[in-house]
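What follows is the residue order along each chain.
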Amino acid sequence: KRLPSFVWLSPAASVGSEVTFTVDLITSPGCCVLMNDDPEILDKDLNFIRYLEEINGLFVYETKGESLARPTAATFGVGSGKKL
């Protein structure tokens with residue numbers, strides 16, 4: 001929103017929602033409108049947004065805790081789950 005060309009932002013993702021890989025406009029996590037009389041400033045702002053897309057810099061991602069847990073035999077339905 002601080003870009004000189006920024007006009008409007010319509011986020012389709014909200015805090016806590018799951019964002020998946022975008023393959024088209026329908027799966028896009030939002031839309032940003034830029035306008036500027038100076039084509040150089042507009043191009044600079046657009047290139048900055050494209051850069052953020054390339055480095056995954058548009059969102060702060062949080063890994064789900066359960067995916068980091070070490071699996072046990074009980075996770076796979078093997079054994080009683082008791083330690084020996």
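Described in the following lines is the structure provided in the data block.

**Things to note about the overall build of the protein chain**
So, point 1. Along the backbone of the protein chain there are one helix and two strands.
So, point 2. Ordered by position from the N terminus, the helices and strands of the protein chain form the series β-β-α.
So, point 3. A burial count over the protein chain gives 7% of its 84 residues as buried.
So, point 4. When contacts within the protein chain are restricted to residue pairs at least 6 apart in sequence, long-range pairs at least 24 apart make up 52% of them.
So, point 5. Summed over all atoms, the accessible surface of the protein chain reaches about 7,700 Å², with 58% contributed by carbon and sulfur.

**Quick look at unusual backbone geometry**
So, point 1. At N56, a position not held by glycine, the phi torsion is positive, near 55°.
So, point 2. Tracing the backbone shows N56 in the segment after α1 (39-54).

**A few points about the environment of A12**
So, point 1. Topologically, A12 is positioned in the loop between β1 (6-11) and β2 (30-34).
So, point 2. In this structure the C-alpha to C-alpha distance between A12 and P29, which are 17 residues apart in sequence, comes to 4.8 Å.

**Re the environment of P11**
So, point 1. Considering the arrangement of structural elements, one finds P11 in strand β1.
So, point 2. Setting aside chain neighbours within four positions, we find P11 in contact with P29 and G30.

Criteria and cut-off values
Residues numbered from 1 in each chain as written. Predicted model: local features only at pLDDT ≥ 70, side-chain atom pairs only at ≥ 80, totals over all residues. Heavy atoms only, no water. Helix = DSSP H or I, 4+ residues; strand = E, 2+ residues; numbered from the N terminus. Buried < 20%, exposed > 50% of the residue type's maximum accessible area, 1.4 Å probe, protein only. Contact = heavy atoms within 4.5 Å. Areas by Shrake-Rupley, 256 points an atom, 1.4 Å probe, with all protein chains shown as cover.

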